[in-house]
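One-letter residues, chain by chain:
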Amino acid sequence: MEDQTPELASLRKSYESGGLDESAVSPQPHTQFTSWFADAVAAGLPEPNAMVLATASDEGVPSARTVLLKGHGPDGFRFFTNHLSRKGRDLLVNPRACLVFPWHPIHRQVIVTGVVERLSEAESAVYFRSRPYGSQLGAWASKQSSVIGSRAELEDRYAELEARWPDPATSEGEGIPLPDFWGGYRVVPSEVEFWQGRANRLHDRLRYRRTDQGWALERLSP
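This write-up is about the structure you can find in this document. This structure is a prediction, so every number in the text was calculated from the model and none was measured. (Residues numbered from 1 in each chain as written. Predicted model: local features only at pLDDT ≥ 70, side-chain atom pairs only at ≥ 80, totals over all residues. Heavy atoms only, no water.)

### So, the overall build of the protein
Turning to step 1, where the next piece is worked out: Within the protein, the regular secondary structure consists of 5 helices and 9 strands.
Turning to step 2, where the next piece is worked out: Dimensions of the protein, computed from C-alpha atoms along their principal axes, come out at roughly 60 × 60 × 40 Å.
Turning to step 3, where the next piece is worked out: For the protein, the proportion of its 222 residues judged to be buried stands at 38%.
Turning to step 4, where the next piece is worked out: For the protein, restricting intrachain contacts to residue pairs at least 6 apart in sequence, the fraction spanning at least 24 positions comes to 63%.
Turning to step 5, where the next piece is worked out: For the protein, the computed accessible surface area is about 13,000 Å², with 52% contributed by carbon and sulfur atoms.
Turning to step 6, where the next piece is worked out: Once the 25 positive and 29 negative side-chain charges of the protein are each reduced to a mean point, those two points are 4 Å apart. (Helix = DSSP H or I, 4+ residues; strand = E, 2+ residues; numbered from the N terminus. Buried < 20%, exposed > 50% of the residue type's maximum accessible area, 1.4 Å probe, protein only. Contact = heavy atoms within 4.5 Å. Areas by Shrake-Rupley, 256 points an atom, 1.4 Å probe, with all protein chains shown as cover. Lys, Arg positive; Asp, Glu negative; His and termini not counted. Charge placed at Lys NZ, Arg CZ, Asp CG, Glu CD.)

In structure tokens, the structure reads:
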């Protein structure tokens with residue numbers, strides 16, 4: 001059968017967006033991120049809070065996946081997951097991570113690098129209770145990253161939990177407790193890079209780097 005794969009060398013796009021200048025950005029990376037995130041939302045990007053989370057094991061074996069940003073502030077970027085998942089196991093032994101926000105339609109990208117802290121049980125419980133009923137059950141049903149025999153095994157487990165904890169919106173159920181194997185993390189940035197696509201691959205890259213005196217702003221070659 002004839003190979004229908006497009007010629008990869010021809011898959012290119014020229015970025016003609018406006019530039020990114022040191023004089024036009026905030027001295028604080030969180031303020032700059034807040035501004036760019038608002039732009040991504042206003043542009044109608046699907047799930048602008050989707051971010052690639054890269055971790056590594058204690059042996060340096062990397063892995064990456066897409067997760068959702070669930071909060072951000074001067075103290076860092078927050079997400080939630082199963083502590084026993086691959087990323088949870090990585091972060092237990094190597095609490096460092098990199099985040100990438102790939103906002104391709106607006107020719108922008110943000111990269112965050114830093115150490116990772118687990119959120120308190122109280123913080124995790126507040127967010128867990130805000131999740132839809134089905135998502136709460138799903139957190140209990142899935143032994144994330146473990147091998148299962150079939151889809152039916154997962155669905156049977158979900159049905160068992162649904163019978164155990166009926167939807168409090170339609171019954172007198174007391175709600176679903178926070179799993180002891182599930183919770184939140186905060187990536188505390190040491191570096192935050194803002195990437196703006198430009199023509200001829202001469203992209204703008206401004207990096208904030210944490211120092212003892214505060215944030216240093218540097219321009220990187222594309």
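### Quick look at the pairing of strand β2 (residues 62–68)
Turning to step 1, where the next piece is worked out: Burial of the side chains of β2 is restricted to one face: Ser63, Arg65 and Val67 are buried, whereas none of Pro62, Ala64, Thr66 and Leu68 on the reverse face is.
Turning to step 2, where the next piece is worked out: Sheet analysis places strand β1 (residues 50–56) next to β2, joined by 7 bridges and oriented antiparallel. Bridge pairing in β2 links Met51 to Val67.
Turning to step 3, where the next piece is worked out: The hairpin formed by β1 and β2 contains 5 residues between the paired strands, and Gly60 there has a positive phi angle of roughly 85°. (Pairing = 2+ DSSP bridges.)

### Comments concerning the pattern of salt bridges
Turning to step 1, where the next piece is worked out: A complete count under the given rule lists 13 salt bridges for this structure.
Turning to step 2, where the next piece is worked out: Arg186 is the partner of Asp75 in a salt bridge, and the nearest nitrogen-oxygen pair spans 3.0 Å. With Asp75 in the loop between β3 (71–73) and β4 (76–82) and Arg186 in strand β7 (residues 182–196), this residue pair connects regions lying 111 residues apart in the sequence.
Turning to step 3, where the next piece is worked out: Relative accessible area serves as the criterion here: at 34%, Asp75 is assigned to the partly exposed category.
Turning to step 4, where the next piece is worked out: The shortest N-O distance in the salt bridge between Glu218 and Arg209 comes to 2.7 Å.
Turning to step 5, where the next piece is worked out: Overlapping salt bridges bring together Asp75, Arg78, Glu117, Glu123 and Arg186 as one network. (Salt bridge = Lys/Arg side-chain N within 4 Å of Asp/Glu carboxyl O.)

### Details of the packing of aromatic side chains
Within a pair of aromatic rings, the relevant descriptors are the distance that separates the centres and the angle that separates the planes.
Turning to step 1, where the next piece is worked out: Enumeration over the complete set of coordinates arrives at 16 aromatic pairs.
Turning to step 2, where the next piece is worked out: Measuring from centroid to centroid gives 5.6 Å for Phe194 and Tyr208, while their planes differ by 75°, and the two rings are edge-to-face. Taken together, the positions of Phe194 in strand β7 and Tyr208 in strand β8 (residues 204–211) put the pair 14 residues apart, joining distant regions of the chain.
Turning to step 3, where the next piece is worked out: The buried category is assigned to Phe194, whose relative accessible area is 1%.
Turning to step 4, where the next piece is worked out: Accessibility expressed as a relative area gives 1% for Tyr208, which makes it buried. (Phe/Tyr/Trp six-rings, centres within 6.5 Å; stacked < 30°, edge-to-face > 60°.)

### Considering the side chain of Ser26
Turning to step 1, where the next piece is worked out: Here Ser26 shows up in the segment before α1 (29–42).
Turning to step 2, where the next piece is worked out: Taking the relative accessible area as the measure of exposure, Ser26 reaches 15% and is therefore buried.
Turning to step 3, where the next piece is worked out: A polar atom in the side chain of Ser26 sits 3.1 Å from the backbone nitrogen of Gln28.
Turning to step 4, where the next piece is worked out: Setting aside residues no more than four positions away along its own chain, Ser26 makes contact with Thr31, Gln32 and Tyr208. (Polar contact = N/O pair within 3.5 Å; in protein donor to acceptor, adjacent residues only side chain to side chain.)

### Quick word on the packing of helix α4 (residues 133–141) against helix α5 (residues 151–164)
Turning to step 1, where the next piece is worked out: Taken N-terminus to C-terminus, the directions of α4 and α5 make an angle of 120°; their axes are 9 Å apart at the nearest point. Of the possible angle classes, the one that applies to α4 and α5 is oblique. Of the two possible hands of crossing, α4 and α5 adopt the one that is right-handed. Counting all contacts with α4, which are made through Tyr133, Gly134, Leu137, Gly138, Trp140 and Ala141, the residues of α5 involved are Leu154, Arg157, Tyr158, Leu161 and Glu162. (Axes fitted to C-alpha atoms, helices over the stretch in contact; angles between N-to-C directions. Parallel < 35°, antiparallel > 145°, perpendicular 65-115°, else oblique. Left-handed = near helix turned anticlockwise from the far one by under 90°.)

### What to know about the nonpolar core
Turning to step 1, where the next piece is worked out: Phe33, Phe101, Trp103 and Val110 are the most contacted members of the largest nonpolar core, which totals 28 residues.
Turning to step 2, where the next piece is worked out: Membership of the second largest hydrophobic core comes to 14 residues, among which are Ala139, Ile176, Phe181 and Trp182. (Core = buried A, V, L, I, M, F, W, Y, C linked by side-chain atoms within 4.5 Å.)

### Some words on the side chain of Asp204
Turning to step 1, where the next piece is worked out: Assignment of secondary structure puts Asp204 in strand β8.
Turning to step 2, where the next piece is worked out: Engagement of the side chain of Asp204 in a polar contact is seen with the backbone nitrogen of Leu20, the distance being 2.7 Å.
Turning to step 3, where the next piece is worked out: At 2.7 Å, the side chain of Asp204 forms a polar contact with the side chain of Arg198.
Turning to step 4, where the next piece is worked out: Once residues lying within four places of it in the same chain are set aside, the contact partners of Asp204 are Gly19, Leu20, Phe194, Trp195, Gln196, Arg198 and Arg219.

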